[in-house]
Amino acid sequence: MSRSINRSTAIIMHELPVTESLLEIALRHGRDAGAEAVTDLHVVIGELSSIVDESVQFYWDMISEGTAAAGSRLHFRRIPGRLGCRTCGNTYSPREDLPCPACGGVDIEVLAGEEFYLEAIDITATGQTQREPA
Amino acid sequence: MINERVPVVERILGANERLAADNRARLDEAGVFSLNFLASPGAGKTSLVEQTVSRLAGQLRLAVIDGDIATSLDADRAAAAGATAVQINTGGDCHLDAVMLQGALDVLDLSAIDLLIVENVGNLVCPANFALGTHRSVLVASVPEGDDKPYKYPGAYRGVDALVINKVDLLPYVDFDMEYFQRGAAALNPGLATFPLSCRTGEGLDQWLEWVTNMTRHFKTTRGM
Ligand SMILES: Nc1nc2c(ncn2[C@@H]2O[C@H](COP(=O)(O)OP(=O)(O)OP(=O)(O)O)[C@@H](O)[C@H]2O)c(=O)[nH]1
Ligand SMILES: [Mg+2]
Ligand SMILES: [Zn+2]
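This section reports on the structure supplied with the text.

Conventions used here
- Residues numbered from 1 in each chain as written.
- Chains lettered and ligands numbered in written order.
- Predicted model: local features only at pLDDT ≥ 70, side-chain atom pairs only at ≥ 80, totals over all residues.
- Heavy atoms only, no water.
- Pairing = 2+ DSSP bridges.
- Helix = DSSP H or I, 4+ residues; strand = E, 2+ residues; numbered from the N terminus.
- Donors = N, O, S within 2.8 Å, 3.2 Å for Na, K, Ca; no water.
- Tetrahedral: all angles 85-135°; square planar, octahedral: opposite > 155°, others 65-115°.
- Buried < 20%, exposed > 50% of the residue type's maximum accessible area, 1.4 Å probe, protein only.
- Near = heavy atom within 4 Å.
- Polar contact = N/O pair within 3.5 Å; in protein donor to acceptor, adjacent residues only side chain to side chain.
- Areas by Shrake-Rupley, 256 points an atom, 1.4 Å probe, with all protein chains shown as cover.
- Nonpolar A, V, L, I, M, F, W, Y, C, P; charged D, E, K, R; others polar.
- Right-handed = clockwise from strand over helix to strand, strands pointing away.

What about the sheet that holds strand β4 (residues 82-85) of chain A?
Residues and elements named next belong to chain A.
Link 1 in the chain: Strand order across the open sheet formed by three strands is β5-β4-β6, with antiparallel pairing between neighbours. Lying at the two open borders of the sheet, with one neighbouring strand each, are β5 (91-92) and β6 (108-112).
Link 2 in the chain: Where β4 lies against β6, four bridges are found, and the strand directions are antiparallel. Of the residues in β6, the one forming a bridge with cysteine 85 is isoleucine 108.

If you want it as structure tokens, here you go:
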């Protein structure tokens, strides 16, 4: 016999849990900074992490409704993938090839492209922030 | 009114990663060794689950958690092969995440399990980004998918601990350059344990089962179990 669990919430696409997490982070940092509203989010996405695309704005509008981030805009900064060959030191794009195009080496490391984080938020504040003075 | 930019720099999947660490601690504590099967749809995850369960059932106590968008067909197959099986319906979501695994662990008696296999939803893009907390990830590739997959889905090949190349019985009928495929996989993941096999004919299964058994036993012995 197998047992079955259904998720309580109906999830439509993989973007949704990602946006939920994004919202939680943005609201928390906004609150800490004394924000009245979060107006913009600056998200950094590495080419190799392939998690979200522009369609996420649609889910974003849905889930941020009624929060301090309602109506905010998402900005994506894409970081191109960069691989480094440990054999000859060559650096190259994963779009060229996977083994090193210079020496054929396969001992490679990812130098860039796996990022996925919220870099900054833009907020409006009344001026009474709860932060410690710098 | 002041407009201000606030630096954040926080990993977006950090919450999932913390939960995954909780799941791992729970599995460690209970002495359950766990594998996460990742693959494209139809690569043969459930077939490999069936083979693994039916061949190891006498030696290890097995449980299977099946992620599926809507049905319980895969969990039923795992149960029929002799495992305790739990189905997670993701309701359209294209991968499992740490919260869903946590829910499935809640309904299992972990003290009665040696090896837990999680069959993730068939998809090469998203699951690789969502840690579950399992001990090892296994990518199940298959010959009919083509030999260019490592080049197209580098993320999926980078994070895994073992690679199964299923359906080798179809090699004579399909354009699949094994050397080209393995060169791509090796570039992304040097030294990756690789098992070419066929769930249909049984070819290559012994090496795979030996790896699973050794990993499970090693995990248990290092914990004095
Ligand atoms: N020729 C051949 N067919 C296979 C082999 N392994 C599995 N299949 C077939 O491939 C199809 C898909 O197998 P499944 O095990 O259901 O694949 P899956 O990855 O679990 O599929 P989803 O869960 O739907 O993503 C079935 O028709 C299997 O009979 C194999 O080694 N050789
Ligand atoms: Mg399946
Ligand atoms: Zn090189």
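So that's the structure; there's more coming.
Describing the coordination of the zinc ion (ligand 3)
All names here are of chain A.
Link 1 in the chain: For the zinc ion (ligand 3), every protein donor is listed as Cys85 (SG), Cys88 (SG), Cys100 (SG) and Cys103 (SG), and the spread of their distances is 2.3 to 2.4 Å.
Link 2 in the chain: Seen from the zinc ion (ligand 3), its four donor atoms lie at angles of 104 to 115 degrees, and the figure they make is tetrahedral.
Link 3 in the chain: For the zinc ion (ligand 3), the donor residues sit on a single chain with the sequence spacing C-x2-C-x11-C-x2-C.
Link 4 in the chain: Residue cysteine 88 is classed as partly exposed on the basis of its relative accessible area, which comes to 40%.

Some remarks on the coordination of the magnesium ion (ligand 2)
All names here are of chain B.
Link 1 in the chain: Coordination sphere of the magnesium ion (ligand 2), protein contribution only: Thr46 (OG1), Asp74 (OD) and Glu119 (OE), at 2.0 to 2.1 Å.
Link 2 in the chain: Here the donor residues of the magnesium ion (ligand 2) are spaced in sequence according to T-x27-D-x44-E. Here glutamate 119 lies in strand β5 (residues 115-119) and threonine 46 lies in helix α2 (residues 45-56), a separation of 73 residues in the sequence. Each of the two residues, threonine 46 as well as glutamate 119, counts as buried.

What about the site of ligand 1?
All names here are of chain B.
Link 1 in the chain: The environment of ligand 1 is formed by 17 residues, the closest being Lys45, Thr46, Ser47, Asp169 and Cys199.
Link 2 in the chain: At 3.0 Å from an oxygen atom of ligand 1 is found a side-chain nitrogen or oxygen belonging to lysine 167.
Link 3 in the chain: Isolated, ligand 1 exposes 650 Å² of accessible area, and the fraction of that covered by the protein chains is 73%.
Link 4 in the chain: Among the secondary structure elements, those contributing two or more residues to the shell around ligand 1 are α2 and α3 (73-81).
Link 5 in the chain: Among the elements that line the shell around ligand 1, the one with the most residues is α2, at three residues.
Link 6 in the chain: Within the shell around ligand 1, the residues separate by chemical class into four nonpolar, six polar and seven charged.

Describing the pairing of strand β3 (residues 62-68) of chain B
All names here are of chain B.
Link 1 in the chain: Of all seven residues that make up β3, seven are buried, and the element is covered over most of its length.
Link 2 in the chain: The two faces of β3 match: Leu62, Val64, Asp66 and Asp68 on one face and Ala63, Ile65 and Gly67 on the other face are all buried.
Link 3 in the chain: Looking at chain direction, β3 and β5 are connected through five bridges and run parallel. Paired with isoleucine 65 across the strands is valine 118, a residue of β5.
Link 4 in the chain: Bridge count between β3 and strand β4 (residues 84-89): six bridges; the pairing is parallel. Paired with alanine 63 across the bridge in β4 is threonine 84.
Link 5 in the chain: Taken together, β3, α3 and β4 form a β-α-β motif whose crossover is right-handed.

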